[in-house]
Amino acid sequence: MASVAQGSVPRQPVSEAHRAAARMEAFVAWALAGPAFFLLILLLLGPTVAVVVMSLTDWLFGATSFNWIGLENFAAIFGDRSFWRSLRNTFVYVGIVTPLSVGIGLGVALLIEAGTSLRSFYRAAYFLPVASTLIAMSIVWEFLLHPTVGAVNVMARALGFSGTHWLQNPDTVLPALALIGTWQAIGLNMVLFLAGLKSIPRDLYDAAAIDGVDSAWERFRRVTWPMLGPASMFVVLITAIRSFQIFDSVQVLTQGGPAGASEVLLFSIYREAFSYLRAAHAAALTVIFLAIVVTLTLVQARVMDRRVHYG
Amino acid sequence: MATVGIRDVRKHFGPVEVLKGVSLAIEPGEFVTLVGPSGCGKSTLLRIIAGLERQDAGSISIGDVVVDGYRPKARDVAMVFQSYALYPYMTVRENLALPLVMRRLDRWQRLPLAGRFMPGTREIRATIAAEIAQVAEALEIAHLLDRKPAQLSGGQRQRVALGRAMVRHPQVFLMDEPLSNLDAKLRVQMRAEIAELHRRLGATFVYVTHDQAEAMTMSDRVAVMMGGELIQVAPPRQLYAEPDDLRVAEFIGSPKINVLPAVARGDGAIDCLGLALPGPRETPGARLSLGIRPEAVAAVPAGTRECWHGTLAHLEHLGAEALLHVALDGAGRVLVRVDPDRAAGFAIGNPVALRPDQARLLWFDANGARVRPGGRLREVARG
Amino acid sequence: MNARALAFSTFRHAVLLAGAVVMLGPFVWMLSTSLKPPNEIFGDTLTLLPQVWAADRNYGAAFTQVPLARYLLNGVIVCGLIFSSQVLIALPCAYALAKLRFRGRQLLFALVIVGLMIPGQAPVIPLYLMMWQAGLLDTYAALVIPHVCSVFGIFLMRQFFRTVPDELIDAARLDGLGEFAIVWRIMAPTAVPALLSFGIFSLVWNWNDYLWPLIVIRTRDLATPPLGVVFFRSEEAGSDWGPLMAGTVVITAPLVVAFLLAQRRFIEGITLTGVKG
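Just so it is clear, the model here is predicted, and its values are computed rather than measured. (Residues numbered from 1 in each chain as written. Chains lettered and ligands numbered in written order. Predicted model: local features only at pLDDT ≥ 70, side-chain atom pairs only at ≥ 80, totals over all residues. Heavy atoms only, no water.)

A. Representation of the pattern of salt bridges in the model. Applying the stated criterion across every chain, the model contains 30 salt bridges over all chains. Here Arg164(B) makes a salt bridge to Asp211(A), at a shortest N to O gap of 3.7 Å. Here Asp211(A) lies in helix α9 (residues 202–211) and Arg164(B) lies in helix α4 (residues 154–166), a pairing that spans two chains. Neither residue differs from the other here; Arg164(B) and Asp211(A) are each classed as buried. Between Arg370(B) and Glu242(B) there is a salt bridge, with its nearest N and O atoms 2.9 Å apart. One end of the pair, Arg370(B), is in strand β21 (residues 370–371); the other, Glu242(B), is in the loop between α7 (236–241) and α8 (246–251), with 128 residues separating them in the sequence. Given a relative accessible area of 15%, Arg370(B) falls into the buried group. You can call Glu242(B) partly exposed: its relative accessible area is 33%. Each member of the salt-bridge network shares a partner with another, and the members are Arg202(A), Asp206(A), Arg47(B) and Glu53(B). (Salt bridge = Lys/Arg side-chain N within 4 Å of Asp/Glu carboxyl O. Helix = DSSP H or I, 4+ residues; strand = E, 2+ residues; numbered from the N terminus. Buried < 20%, exposed > 50% of the residue type's maximum accessible area, 1.4 Å probe, protein only.)

B. View of the layout of surface pockets. Taken as a whole, the second largest pocket holds about 870 Å³ of empty space. As for the second largest pocket, its lining consists of 34 residues, of which Ala195(A), Gly196(A), Lys198(A), Ser199(A) and Ile200(A) are closest to the centre. Broken down by secondary-structure element, the contributors of at least two residues to the lining of the second largest pocket are α8 (173–198) and α10 (216–244) of chain A together with α15 (263–271) of chain C. Broken down by element, the residue count for the lining of the second largest pocket peaks at 7 residues, all from α8(A). Residue composition of the lining of the second largest pocket, by class: 22 nonpolar, 6 polar and 6 charged. (1 Å grid on protein atoms, 1.4 Å probe; cavity = no way out; pocket = protein on both sides within 12 Å on 5 of 7 lines; lining within 4 Å. Points joined across faces, edges and corners; volume = space filled by probe spheres on them. Nonpolar A, V, L, I, M, F, W, Y, C, P; charged D, E, K, R; others polar.)

C. Spatial organisation of the sheet that holds strand β5 (residues 65–66) of chain B. All names here are of chain B. Taken together, 4 strands build an open sheet; the order of strands is β2-β1-β4-β5 and the sheet is antiparallel. In this open sheet, the two edge strands, each paired with only one partner strand, are β2 (16–26) and β5. Across 8 bridges, strand β1 (residues 4–13) lies against β2 in antiparallel orientation. Within β2, the residue paired with His 12 across the bridge is Glu 17. In the packing of helix α1 (residues 42–50) onto the sheet, contacts are made with β1, β2 and β4 (57–62), and the angle to β1 comes to roughly 120°. (Pairing = 2+ DSSP bridges. Contact = heavy atoms within 4.5 Å. Axes fitted to C-alpha atoms, helices over the stretch in contact; angles between N-to-C directions.)

Purely geometric stuff here, so don't read any function into it on its own.
See below:
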């Protein structure tokens, strides 16, 4: 075989031509990918590295000079009560939104799939908040939660409760914001669960029925839930990641108030950087924010990997 | 072992009538195959027997019990699915255990952790484990018990699916195209294994397939379904030799039966492409079809009298036999099965004569119904 | 069995309808309030329809007090510019990553993966500095430039291109097409469904983005829709809800209407967020 190939065509020129072709392909490839590569560095990776570098300085917006101060920013942050409050608030918010929106999203998806009538109406109704502009809807919620004319309090009074100024009361402000966040997140989780439910083969339910699994609860426990398991882990994590980035409703509705009761991490960063102009301090906060989100994302990537192997 | 009685079962899906009144009595321990082209309603019928689908009319009985209102669990049937439908998140052991766990343990004993401490759980779990071991042994999957289905080959999954059906010794096994996801070689092997399994278990088997070869090789009786109706139910040999309907004749047998047009003559004989053949007495001019199997035609030297004449268009050597494709001089093609040694005497493009075996002619009327010699007369007399 | 089925169906609809009322309530109330005069808004009874229709007053006020139409136009311009540049930049790169062999491909793909993990808010401070240095603050450019290169778009299109058979590209090469022509004449048309989903994803994401416009835009006329609503609200100082609700209706309407018209595509596009986070 080899001798035939060598005999018919001289070896050297072939490999020379090959190398030239490979060089050409590499050149073309870089011409195609180059702009994206350049912009990726310039607009995302570079600035992210810059944030980390900036967090090691004492630079203020507009200042002409700065000093390297190592981890002092972080030391200051970790010694600051208001940072811990902001972090705690963020986690409380995530802790309310994630289980509620995942649980309700799953329940709604199960109920929608359990019947055939009005499926697309329900799907659209529950998804509508996801497709709408959160800022605008936050303002609508502010009106709904208005202490005197808001629909929530009017209804509460009609039922004999006194109601409260939800967004000005330090006890209720965070749950109220979390309620808005949940309202907005349910639809996406529902759709993800619906996709998960659709991918469960019908045969499995038939086999289970023959094997003696015949109550709705047993069907859920023996087939639906184990088949949905990896998907639900994934839904929990992306909901956590998304709700961790809570900013819009806080900035518009409460400005972190009253008295810091709704101060969350991204809002602290925004205020440090763009109100107090303490750029380096804000950068250090950003590094902490980034670390948490990246950790969650890595966990999520692992879960996705596992799901692929699931067969 | 139990009888399965199917009485006038009907089923609609929207405007489509998939079962148009099907009746069939299956004997205890019998292996019956429902065979037909896809969409003929055979899988729907099987699902109705299992209780996975509800019929619009008619009734199903298993043993002597009418099971129409019963859930699948209460019918004491097991089913093997085309996709195997193994639970992917359970090990093979857990897959095999589920049917027993669901039947023998009550709701409290089944609880994930607390169930273990309920009285009796331990003993029942132990017997379940022993039975699983026994079935796994019989199917040669004992070494796979701790794997998950994704880690098994197609053939191994097939065995696990069979095992899950076997563990609880049901009266009736239902099988929905269980071999169609296997490659051709494995399919032939599993065919034999399932037939053997049937003999060993002695249970009633209802088997659904679109593959006539599977139906012919495994069953005691074959039920041919088309368009939502049972056309003929008979043992394989009889189905092949004495089909009641042209569609059955064409569906059963490979290579396919030859079908030739024919016209009844005044003198009682039937004219088929210029050859007068003995057949049923029909009114002169009536149009008929002649069905004749490839082995019921003999290839003889060109020019022989009382024969069809044509040229050899194509020749297939299949090892144990050879197939001649003969283009008839008038119109149409006839397939002839010959001994491979004799095939050497024929050359493509040469003329050849064909002589039908007059004892193996199958006549069908214009509607495709079988007409036996003299049969039509009796019918007329009765009407 | 039939009675049970009926009972379950009733339960299903009862629960889902109750939930749907809560989900749709804010939209209904927004619409209803935007039609009411102040005395009805401040009244102590809840009515869906106004006794005296005040739609003209509220919507008239909304459109004259703030440049609502301008906000919507800004949204369209900014999102349009962002999406077209994202396609222009991501598509060739995705093709190279999926189908060409070259040194540095692994590195580039690794960078894309790293980029996927970084939340959009992380690089905000340096980006602001860059815009400031370049003198671009308070311009369309400041709104568009940081978003022109979508790592997610590159990733998504690369995954899609990997499913396109190599034969298609080889056939195109034999037909004499160059690599650039292959990207735009062969790959782009096959990618239209994926691009549509990505387009909806990009549109919803950038239309709703609030943090970045909040930082770089000061001039009222350059505001994107979300920022516009907030400008409107601060001018109103929370006293006159009628026009403000009319404003939110106008700002929310485009996406909501688009969603209702193309539900399937929208859900597909937005669920991509699930992958992006």
